[in-house]
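Residue-level structural notes
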Amino acid sequence: MASQILPLELIDRCIGSRIWVIMKGDREFTGTLLGFDDFVNMVLEDVTEFETTPQGRKKTQLNQTLLNGNNICMLIPGSNGPDS
Amino acid sequence: MDESTPPPPPAELSPPPVPSTVPSGSPTDFLKGVVGKRVVVRLTSGVDYRGVLSCLDGYMNIALEQTEEHVNGVVTNRYGDAFIRGNNVLYISAAEAI
Amino acid sequence: MDTSSAIQEPFDLIRLSLSERVFVKLRGDRELSGILHAYDGHMNLILSDVEETILIVDQADGAGEGQPTVNMAKRKMDMLFVRGDGVILVSPPSR
């Protein structure tokens, strides 16, 4: 029997909440999830980008942002990211 | 980089979901809102392109006007118009309120 | 000058650059300047009278903070096919 809830249904329930997005590379984002599509391209608001480099972690604040789903690895609902 | 796939370009972004009566904050709605506005396009390489978004398609191919290329916060090039191939795009961010 | 009105989709920008000299940025720190003769939906390109610029960045030994030395190599090609998946950016001549 198929699982009772699909993974993307869970993400759908996060719309309007904070979410932590971990990319395939050394990059992470947190923001308020406004929406997403079948490719898990995501629209986020009040975004912080975290970039881990040999020189340390670099933070960038962003306005409303469309994040390409191509490089997304993991999503952590309800989390405000690495600093929380 | 991550995508050295043969000819077929990356899978198309989802077709605009059947528009519900209320704007849903979906990627399609976001894109409708930012066309004609100043945006930051960051590539997976970390290079930024700042300019006015003239249009884009379902592959996230982008046409930008008044484009500045930023590498590590330094302007490295300026282009009147620029076409950016969508597979390189990490994100498109509004540089002004939308 | 008002190109925006003529551009409905990104590929229009490329279409309007046919027979013009374009600047192309490719993966692997390569840049091309050439006359655009043809393109397709993959962004495969045919360019003529091409000058290629390759940036060779040599990180001074070790992964230190030292200034990397950047060497620039240039070469010319009469006619060139560019595979679309390597393309990052295409910029038409400024109008």
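Above this note sits the structure.
This write-up is about the structure you can find in this document. (Residues numbered from 1 in each chain as written. Chains lettered and ligands numbered in written order. Predicted model: local features only at pLDDT ≥ 70, side-chain atom pairs only at ≥ 80, totals over all residues. Heavy atoms only, no water.)

Quick notes on unusual backbone geometry
The backbone of Val40(A) sits at a positive phi, close to 60°, despite the residue not being glycine. Within the chain, Ser19(C) stands out as a residue other than glycine whose phi angle is a positive 70°. The topology assignment puts Ser19(C) in the loop between helix H1 (10-15) and strand E1 (21-26). Exposure remark for Ser19(C): the relative accessible area of 62% places this residue in the exposed category. (Helix = DSSP H or I, 4+ residues; strand = E, 2+ residues; numbered from the N terminus. Buried < 20%, exposed > 50% of the residue type's maximum accessible area, 1.4 Å probe, protein only.)

So, helix H1 (residues 27-34) of chain B
Burial in H1(B) covers these residues: Pro27(B), Thr28(B), Phe30(B), Leu31(B) and Val34(B). Mapping the buried residues of H1(B) onto a view down its axis gives an arc of 160°, with all of them on the same face. Residues of H1(B) that are buried make contact with strand E2 (27-36), strand E3 (42-53) and strand E5 (65-67) of chain A together with strand E1 (38-43), strand E2 (48-56) and strand E5 (89-94) of chain B. Immediately beyond the C-terminal end of H1(B), within one or two residues, lies Gly36(B), with a positive phi of roughly 90°. (Arc of directions from axis to C-beta. Contact = heavy atoms within 4.5 Å.)

With respect to the pattern of salt bridges
Summed over the entire model, instances satisfying the criterion amount to 18 salt bridges over all chains. With a shortest N-O distance of 2.4 Å, Arg75(C) and Glu52(C) are connected by a salt bridge. Of this pair, Arg75(C) sits in strand E4 (residues 69-82) while Glu52(C) sits in strand E3 (residues 45-58), and the two are 23 residues apart along the sequence. Through salt bridges that share partners, Arg27(A), Glu49(A), Glu51(A), Lys58(A), Arg42(B) and Asp48(B) make up one connected network. (Salt bridge = Lys/Arg side-chain N within 4 Å of Asp/Glu carboxyl O.)

Remarks on the interface of chain B and chain A
Accessible area lost on assembly of the parts is the figure often given for the size of an interface. Chain B puts 27 residues into the contact, and the matching count from chain A is 23 residues. Summed over both sides, the interface of chain B with chain A buries roughly 2,000 Å², with 54% coming from carbon and sulfur. Notably, a salt bridge pairs Glu51(A) with Arg42(B), separated by 3.9 Å at the nearest N-O pair. Here chain B is connected to chain A by nine residue pairs in polar contact (both at pLDDT 80 or more). Those elements that provide at least two residues to the side of chain B that touches chain A are H1 and E5 of chain B. Ranked by residues supplied to the side of chain B that touches chain A, first place goes to E5(B) with six residues. Here E5(A) runs beside E5(B); their pairing, made up of three bridges, is antiparallel. Across the sheet, Leu66(A) pairs through a bridge with Ile92(B), a residue of E5(B). (Buried area = accessible area lost by both parts, 1.4 Å probe. Polar contact = N/O pair within 3.5 Å; in protein donor to acceptor, adjacent residues only side chain to side chain. Pairing = 2+ DSSP bridges.)

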